[in-house]
Structure formats: structure tokens, C-alpha cells
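The chain contents come next:
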Amino acid sequence: MKHELYLSLGSNLGNRIGYLQQALDAIYERIGDTLLVAPLYETPAWGFSGEPFLNTCVKVATILTPAQVLRQLLTIEQLFGRKRNQSAQGYQSRTIDIDILLYDDEIILDTDLTVPHPKMLHRKFVLVPLTAIAGEKAHPISHKTIRELAATTNDTSDIHELKEHLTNPMERSPFLHYKYIAIEGNIGSGKTTLSTMIAEDFNAKLILEQFSDNPFLPKFYEEPDRYGLQLEMSFLLERYQQMSGQLTQTDLFKEFVVSDYDIFKSLIFSQINLDEDDFMLYRKFFYTLYSQIIKPDVYVFLYQNTDRLLENIKKRGRDYEQNISPNYLKKIHSGYLDFIQKNVNINSLIIDVTELDFVKYPSDYNLIIDQIRAHKSIIKK
């Protein structure tokens, strides 16, 4: 279950906008989805003599408890050199300051945490940015809206909005911390379609497997024993040449790389398609090339049951695929699962898309994106 969390962020030392942006990115990474980000406001130092502050507020959807949120916030502050000193007298300048304002409509009175924040009603630098993203939300204790509280606060400090603004990491990309994503799956699982959609929607460099002109593929489906080794060796060399070239070429205008295959699929298919002697020879050659290839940050496997795969294969109408047997698809599926289970050092994510149509229904597509994003949140904490 996701909870509605509101946070206040402030900074009055060094590169204030830079610190706030990095803190916002860290909140997205460690705590949850940053649904709304308020404008930046500058105010005088409150309660002490110091440089003016930049302040903002953010609405977050999180699965964490209030205590877990607090621990993550303290960690983020420490990353920026902030050390909360309970014995210090009065307020101090700081690179970053993050406070929990509201958590759902809960009222929390613990030793380490009070929610709603007990001083938010008397701080214009909190109420004004909070009004920008939650003006009609009711305060759990006063029951007045945030807009009403901002209009009647006894804080008379000067405050003005900046033209500059922070970038919401969710709008930038749900794949902020991935440089390379591999989308894999069985024949007909939709990996190419999904990879293409992600690349177009999130400004990624797209690498698609180039095999449509492989002369051995139609022959292999007709005579697998005769053409198996030629097919697998040609696939491996094509994949290696493409990956080694594409992954080392930096595209300054793209956020990350997404591919519709990982080169390890060569070993999965060859183990199915080759006899034991040919496979042992192939395997040695494979690992020589595999060791030189950049590995994906996350390996997404799209699972579909055999009946759905056969429907998709029939629908896309490639002549040389129409005689693929259910048993062959099951062998490929087992090969992928065996690879995922044995290679625990690879960051793998299995997504069941059997009942999804991510081309026709945006909600299904967003569900897949959310699963990849949530997986990122889990592994990064």
C-alpha cells in the first residue's frame, strides 16, 4: 500500500539549487515516487543570522513507514554533510534540510518524530510551497486547508518565487539509475515492441537484434540438425559485433540504452539447438566473446505462457516461425529461467505479461514501467 507523504526541503549553503536537486533525486531513489514538486522560493534565514534559504516541497508516494522514511531522510542529509545536533542551540546554516510535514492524515507523537510537523503552521517557507502542490489538502489537526493556513500564518517573512525550478526525476525518467536495460523473453513475448516503446517514450538509445536477413534461419527451421551450428555461430558473431560497437558508442543526447536482447541468449538457444559435441565447442567460443561485453544494469525477462506465445507468433506472420512447436518454446523458456536462477549476480526482473496488452492499453504499459521502477527502488536501498 502506498502512502501520501509531503516533505519540505531547504538549503542555504553552497550550490543551493544543486543540493536540492540531488536531494530530490535521492528521495526518488530511496523513498518513493516524487509525484509533485513545488516551485523554488527564497526566504531570509529563519530564527538565526545566515545566508538566505531556498525552499520547496514535494509530494511522494511511498511504501515506507514514517520511521523508515525518517531513517532514509537522515541518511540523505548525511550524504550532503548534514549532521543533526540535538544539543546545538538554535538554528544553523545547512547544505540540506528535509522535514516530514504530512503522512497520509496520520497524527504521530513519537519521541523521534511528530507529524504533522509541529512548526509548519508558523513557517511561510513551508506553507507557501506546500500550497502550490497541496493547497486544498486539510491539515489533520486544524482541519483547515493548507491554502487557508498560508493566508493566516503569523509569519511575516519576505518570500519570493524563483524562475529556476527543480527537475522531477519521475518526469526525467523512471530509469534514472540505469545506464543499460536489456529486455528479454521467448519468441513472440513482445520484447522488441516494449524496447521500442521505452526508447521512444524515455529518450533511450535503442539496440534491436539484427537477424531478419540471417540466411540460416529459414533453413534451420526446416533442417535444425544440419544448420544448427551455422545458425548459432552466425547469431553469436552478429550479436557480439553489434553489442560491442553500440554499447561503447556514447550518445550525449540519450538518457540510457535499452536493447531487445542480451547476448547470453546465444548460449540459451545453442544449448537447445546443438548436439552435445557442437555445444561444447560453441560454449568455449561464446565465453571468450561474452567476457568482453558490457553487462546490463537490469535484465528484464517478459514471461508469457506457451499458448499466448503461439498466438503472437501466428499474428505477426513470419513464415519461417509458423511451424515452431510448443515443446520448443517450453525448452527456450526453461533455458531462460535456468540462466536467471544460476546467475544470481545479474540483476534480473521477471514480469508476467501473459494477461497484459501493453500496446493497446496504456495502463498495462504503465504497470510494466512501474514494476521496473519499483525493482530499482528495492535494489538501491
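Residues numbered from 1 in each chain as written. Predicted model: local features only at pLDDT ≥ 70, side-chain atom pairs only at ≥ 80, totals over all residues. Heavy atoms only, no water.

As recorded in an unreviewed UniProt entry, the protein goes by 2-amino-4-hydroxy-6-hydroxymethyldihydropteridine pyrophosphokinase and comes from Capnocytophaga haemolytica. Here is the UniProt Function (unreviewed entry) comment for the protein, exactly as written: "Catalyzes the transfer of pyrophosphate from adenosine triphosphate (ATP) to 6-hydroxymethyl-7,8-dihydropterin, an enzymatic step in folate biosynthesis pathway." Here is the UniProt Sequence similarities (unreviewed entry) comment for the protein, exactly as written: "Belongs to the HPPK family." (UniProt positions renumbered as here; feature names shortened; annotations may be inferred.)

Here we come to the side chain of Ser348. Residue position: Ser348 is located in strand 13 (residues 348-352). What makes Ser348 buried here is its relative accessible area of 19%. Filtering out sequence-adjacent residues up to four positions away, Ser348 remains in contact with Tyr299, Ile340 and His375. (Helix = DSSP H or I, 4+ residues; strand = E, 2+ residues; numbered from the N terminus. Buried < 20%, exposed > 50% of the residue type's maximum accessible area, 1.4 Å probe, protein only. Contact = heavy atoms within 4.5 Å.)

A separate point is the layout of surface pockets. In this structure, the second largest pocket occupies an estimated 770 Å³ of space. Lining the second largest pocket are 39 residues, with Gly188, Ser189, Lys191, Arg316 and Arg318 positioned closest to its centre. Those elements that place two or more of their residues in the lining of the second largest pocket are helix 6 (191-201), helix 7 (216-222), helix 8 (224-246), helix 9 (265-273), helix 11 (306-316) and helix 12 (326-342). A total of five residues in the lining of the second largest pocket trace back to one element, the largest contributor, which is helix 11. (1 Å grid on protein atoms, 1.4 Å probe; cavity = no way out; pocket = protein on both sides within 12 Å on 5 of 7 lines; lining within 4 Å. Points joined across faces, edges and corners; volume = space filled by probe spheres on them.)

The next subject is helix 8. Helix length check: helix 8, at 23 residues, gives a terminal C-alpha distance of 30 Å against a target of 33 Å (1.5 Å per residue), a fit within 8%. Listed as buried for helix 8 are Tyr227, Gly228, Leu231, Glu232, Ser234, Phe235, Leu236, Arg239, Tyr240, Gln242 and Met243. At its buried positions, helix 8 is contacted by strand 9 (180-185), strand 10 (204-207), helix 7, strand 11 (256-259), helix 9 and helix 10 (276-290). (Expected span 1.5 Å × (residues − 1).)

Before going further, it helps to examine the pairing of strand 9. The buried fraction of strand 9 is high, at six of six residues. A two-sided burial pattern is seen for strand 9, the buried positions comprising Tyr180, Ala182 and Glu184 on one face and Ile181, Ile183 and Gly185 on the other. In terms of strand pairing, strand 9 meets strand 11 through three bridges, oriented parallel. Paired with Tyr180 across the bridge in strand 11 is Val257. Looking at chain direction, strand 9 and strand 12 (residues 298-303) are connected through five bridges and run parallel. Each bridged residue has a counterpart across the sheet, and for Ile181 the counterpart in strand 12 is Val298. (Pairing = 2+ DSSP bridges.)

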